[in-house]
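# Topology and contacts: notes
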Amino acid sequence: MSDIIQLLPDSVANQIAAGEVIQRPASVIKELVENSIDAGATSINVVCTDSGRTSIQVVDNGKGMSETDARLSFERHATSKIRKADDLFNLHTMGFRGEALASIAAVAQVTLKTRLEGDDVGTQLFIAGSRFVSQEPCSCPVGSNFLIENLFYNVPVRRKFLKSNATELNNIIAAFERIVLVNPNVAFTLYNNQNELYNLKAGSLRQRIVDVFGKKINQHLLTLDIDTTMCKINGFVGKPESARKRGARQFFFVNGRYMKHPYFHKAVMSAYERLIPEGDQVPYFVYFTVKPEDIDVNIHPTKTEIKFENEPTIWQILAAAVKDAVGMFKDVTAIEFDTEGLPEIPALGDGDDEVKAPKLQYNSSYNPFNEPSPRRQDAVPQQWEKLYDGLGGGSTHQPSLFSSAGGGVVKSKASAVPADGILQSRRFAQPEVPDEAPEDNVQEEAQESPIEEKSPVHYQYKGQYIMTAVKSGLMIIDQHRAHTRILYERYLAQTADRKAYSQKLLFPETVQFSTTEDTTMRAILPELEAIGFEIAQQQDGTYTINSVPAGLDGLNYVTLVQDLVATAADKPASATDDICHAVALELARSAAVTYGQVLTNAEMENIVNDLFACSNFNYTPDGKRVLTLLRQTEMERLLG
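So, here's what we can say about the structure. (Residues numbered from 1 in each chain as written. Predicted model: local features only at pLDDT ≥ 70, side-chain atom pairs only at ≥ 80, totals over all residues. Heavy atoms only, no water.)

So, about empty space enclosed by the protein. Summed over the entire model, instances satisfying the criterion amount to two cavities of 30 Å³ or more. Of the volumes computed, that of the second largest cavity is approximately 40 Å³. Forming the boundary of the second largest cavity are Met230, Val290, Asp294, Ile295, Phe308, Glu309, Asn310 and Ile314. Of the residues assigned to the lining of the second largest cavity, the class counts are five nonpolar, one polar and two charged. (1 Å grid on protein atoms, 1.4 Å probe; cavity = no way out; pocket = protein on both sides within 12 Å on 5 of 7 lines; lining within 4 Å. Points joined across faces, edges and corners; volume = space filled by probe spheres on them. Nonpolar A, V, L, I, M, F, W, Y, C, P; charged D, E, K, R; others polar.)

The next point concerns the nonpolar core. By size, the foremost hydrophobic cluster in this structure holds 59 residues, and its most contacted members are Val33, Ile44, Val46, Leu181, Phe188, Ile209 and Phe285. Tallying contributions element by element places helix 6 (residues 165-180) first for this core, with seven residues. For leucine 181, the residues in contact, after removing those within four places along its chain, are Leu205, Arg208, Ile209, Val212, Phe213, Phe251, Phe253, Phe285 and Tyr287. Within the second largest apolar cluster, 33 residues are counted, among which are Leu224, Val290, Phe308 and Ile317. (Core = buried A, V, L, I, M, F, W, Y, C linked by side-chain atoms within 4.5 Å. Buried < 20%, exposed > 50% of the residue type's maximum accessible area, 1.4 Å probe, protein only. Helix = DSSP H or I, 4+ residues; strand = E, 2+ residues; numbered from the N terminus. Contact = heavy atoms within 4.5 Å.)

Burial within strand 21 (residues 542-549) is extensive, with eight of its eight residues counted as buried. Examined bridge by bridge, strand 19 (residues 502-512) and strand 21 share seven bridges and lie antiparallel to one another. Paired with glutamine 503 across the two strands is valine 548, which belongs to strand 21. In terms of strand pairing, strand 20 (residues 534-537) meets strand 21 through four bridges, oriented antiparallel. Bridge assignment links alanine 536 to a residue of strand 21, and that residue is threonine 544. (Pairing = 2+ DSSP bridges.)

The three strands are arranged 19-21-20 in an open sheet whose pairing can be described as antiparallel. With partners counted over all chains shown, the strands left at the sheet margins are strand 19 and strand 20, one partner each. Direction aside, the axes of adjacent strands within the sheet are offset by 20 degrees on average. Seen against the sheet, helix 12 (residues 515-531) touches strand 20 and strand 21 and runs at an angle of roughly 150 degrees to strand 20. In this fold helix 13 (residues 557-569) packs onto strand 19 and strand 21, with an angle of close to 70 degrees to the strand it touches most, strand 19. (Axes fitted to C-alpha atoms, helices over the stretch in contact; angles between N-to-C directions.)

Bringing the sheet that holds strand 8 (residues 195-200) into the picture now. Within a beta sheet, neighbouring strands are joined by backbone hydrogen bonds and run either parallel or antiparallel to one another. Ordered by their spatial adjacency, eight strands build an open sheet running 5-4-3-6-2-1-7-8, and the pairing between neighbours is mixed. The outermost strands of the open sheet, each flanked by one partner alone, are strand 5 (131-138) and strand 8. In this sheet, neighbouring strand axes are inclined to one another by 10 degrees on average, regardless of whether the strands run parallel or antiparallel. Here seven bridges tie strand 3 (residues 109-115) to strand 6 (residues 143-149), and the two strands are oriented antiparallel to one another. Each bridged residue has a counterpart across the sheet, and for lysine 113 the counterpart in strand 6 is asparagine 145. In this fold helix 2 (residues 25-38) packs onto strand 1 (43-49), strand 2 (55-60), strand 6 and strand 7 (187-192), with an angle of close to 10 degrees to the strand it touches most, strand 2.

Next up on the list: the packing of aromatic side chains. Taken as a whole and assessed by the stated rule, the structure comprises 20 aromatic pairs. Both rings, one in phenylalanine 252 and one in phenylalanine 264, keep their centres 6.4 Å apart while their planes meet at 70 degrees; by these two values the pair is edge-to-face. Of this pair, phenylalanine 252 sits in strand 11 (residues 250-254) while phenylalanine 264 is found in helix 8 (residues 262-270), placing the two residues 12 residues apart along the sequence. Note on phenylalanine 253 and tyrosine 287: the rings are 4.8 Å apart at their centroids and 15 degrees apart in plane angle, and the pair reads as stacked. Taken together, the positions of phenylalanine 253 in strand 11 and tyrosine 287 in strand 13 (residues 284-289) put the pair 34 residues apart, joining distant regions of the chain. Both residues of the pair, phenylalanine 253 and tyrosine 287, belong to the buried class. (Phe/Tyr/Trp six-rings, centres within 6.5 Å; stacked < 30°, edge-to-face > 60°.)

Next comes the structure, spelled out in structure tokens:
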């Protein structure tokens, strides 16, 4: 039998490696910008066309490369960062594997212009699909200029599975933010289709955070700074009032490298227990400085997962540092005693005039009993019997709640309750039974009603459940989930019909978004306007909320819009229906009655009736149970 195992060609091996390192245009930008930082650049410019599909250009003012280094840099495992295996545990640079440029050149057309500081001319290379095409001298500034064109041009399947331009742009911005937040001393710019997205000047860490995410975040940051023999932790954490359900800015960095660490995330959130609602998230920007030999970076292809040698100890240090920062903030008194520039108010008793009590003036000789009293009229008017003429045939009998003949029973218009206690989704269009209808017809209609002989009186249990009596037992309805289902279908109908009722705000609210959120906001703005919002776009990612949908009284409209944008950001930009459903669901959750809210009997009656008018009244839009039925036979069995 002949041998069947053979070495793969370098071009195939490079494409396999590119599948791990280069997943999308954002991966190309990450690798190239990190190389520029390792080269000592102080200014890095990133220019994209069609969100990186057509071209990506990264220009820096770093050290540059010689003619030989420029050619060798595109070979697999060619690097200047390490020399031996022990260097993997003593890393001081972002890159070290020597795979990035080779992987990029395997799936794209690459043009490189670079020059060292002492050279008169630079070098220009052109490589396509791992094939070296040409190399020649050129005139260029000091540093490197990478131009990546037609990404995945030779791998059509990979190019086909790229997302929409809006989604890929969001991925580019996310990768860009992770790099700029850890390098505040470097100036960055980012362009897409000749539109400037970021223009960041070199400055302090706090200023860089404000430049990236807006000025409003500055007032919510608490300083974090602790230095131990094991590690140094600095950065910022958010105040408890900055907590959000979605879209919180949460970043971990170690030795200048972004990382994901769920274990350390729990340490940060443990400091906010009982300070924020359960499920909410606070922003944080935490920077670790540890010895390179105490971490292992080489455990993930994208280097976003890092293993620490002393994770439990660092967890305790981080949790204590965050608790200390939050505790110092909570201890600060809210009363300000700084009176500089304020008008002076004299203290009581400083003047010479004695303060006297006011005197009352009255007539001491006045006696009300000396005046004649007016003539009193009879309490019962004459001919009072005429007031009740025509009412002699009336009856004062009060019907019982559940009479045998159906009297005094409220009929509903939905489908019947089956034996298993789960109500089936059905639009009900049965006409109401008139009072003068025969008893036989009433019983026939009652068999087709959704909640047979529903009681007109409801009971609210602990501000959370609506309990109502039906013929087959006791129905228990979750008031928040029921109202969420009602509002969800109402908002979806308004979006489809483009008809909604708006309520003008007396004082318009202003909300500011980052570059990533601004892209999502522009995409969902038509859906928000269809629901009833009136939002005017300003500049620099700022929007003014002029009107909101009717019925949203008492909500924080800025937080509501931020949550809507964060929810829509998780959906594909091309899936308009998914975005509409996500917006309608988030809006319904926010506007629905909350747990603990006391409801009148009329309000509970409306919720029950509107719930059974929904297309699916058994479950919420996200699949949670809305109601259950405790049958009378089961109650009798429980009570023996």
